[in-house]
Amino acid sequence: MKKLVTFIGLAAVMVLSLFLAVITGDYGPWYFAWMVGTTMIVLISAAGAIMFDRQDEDQQRKQGSSH
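Residues numbered from 1 in each chain as written. Predicted model: local features only at pLDDT ≥ 70, side-chain atom pairs only at ≥ 80, totals over all residues. Heavy atoms only, no water.

Student: So, the layout of surface pockets: which residues are in play, and what are the values?
Tutor: To find the voids left in a structure, one rolls a probe of water-molecule size over its atoms. Its volume calculated, the largest pocket comes out at about 150 Å³. Lining the largest pocket, in full, are Leu 20, Ala 21, Thr 24, Gly 28, Pro 29, Tyr 31, Phe 32 and Met 35. Elements supplying a minimum of two residues to the lining of the largest pocket: helix 1 (2-24) and helix 2 (28-66). Sorting elements by how many residues they give to the lining of the largest pocket places helix 2 first, with five residues. For the lining of the largest pocket, the class distribution of residues is six nonpolar, two polar and no charged. (1 Å grid on protein atoms, 1.4 Å probe; cavity = no way out; pocket = protein on both sides within 12 Å on 5 of 7 lines; lining within 4 Å. Points joined across faces, edges and corners; volume = space filled by probe spheres on them. Helix = DSSP H or I, 4+ residues; strand = E, 2+ residues; numbered from the N terminus. Nonpolar A, V, L, I, M, F, W, Y, C, P; charged D, E, K, R; others polar.)

Student: Kindly report on a nonpolar patch on the surface, identifying the contributing residues and their values.
Tutor: A cluster of nonpolar side chains, namely Tyr 27, Trp 30, Tyr 31, Phe 32, Trp 34, Met 35, Val 36, Met 40, Leu 43 and Ile 44, defines an oily patch on the protein surface of about 1200 Å² accessible area. Residue classification places Leu 43 among the exposed positions, given a relative accessible area of 51%. (Patch = residues over 30% accessible without salt bridge, like charges linked within 9 Å, V, L, I, M, F, W, Y side chains within 5 Å. Areas by Shrake-Rupley, 256 points an atom, 1.4 Å probe, with all protein chains shown as cover. Salt bridge = Lys/Arg side-chain N within 4 Å of Asp/Glu carboxyl O. Buried < 20%, exposed > 50% of the residue type's maximum accessible area, 1.4 Å probe, protein only.)

Student: Can you lay out the environment of Gln 63 for me, pointing to particular residues and giving the numbers?
Tutor: Secondary-structure assignment places Gln 63 in helix 2. By relative accessible area, which is 44% here, Gln 63 ends up partly exposed. For the pair Gln 63 and Met 1, spaced 62 residues apart in sequence, the C-alpha to C-alpha distance is 57 Å.

Student: Lay out the pattern of salt bridges in plain terms, naming residues and giving numbers.
Tutor: Overall, the coordinates contain two salt bridges when judged by the stated rule. The salt bridge involving Arg 54 is made with Asp 58; its shortest N-O contact spans 3.7 Å. Of the two residues, Arg 54 and Asp 58 are both situated in helix 2; the distance of four residues between them amounts to about one turn of the helix. The partly exposed category is assigned to Asp 58, whose relative accessible area is 25%. In this structure, the salt-bridge partner of Asp 58 is Arg 61, at a minimum N-O distance of 3.0 Å.

Spelled out as C-alpha cells, the structure:
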C-alpha cells in the first residue's frame, strides 16, 4: 500500500511538472533559474546565519571562561 501511495505521489509531481512546463513555454528556463537562484540565496543565507551564531556562541564562551 505504501508503494502505491508513493507511486501516486510521484505521478502527481510529474503531471504538475509537465503542466508547468507547457504553461511556461519559452520562459521555462528563466523560471527555473529564478527558482534555483532564490533557493540558493536562502540556503546560503541560512548557512551564514548558522555560522555567525556558532562563532558568537564560541566567542561568548571564551569571554565567560576568561573572567
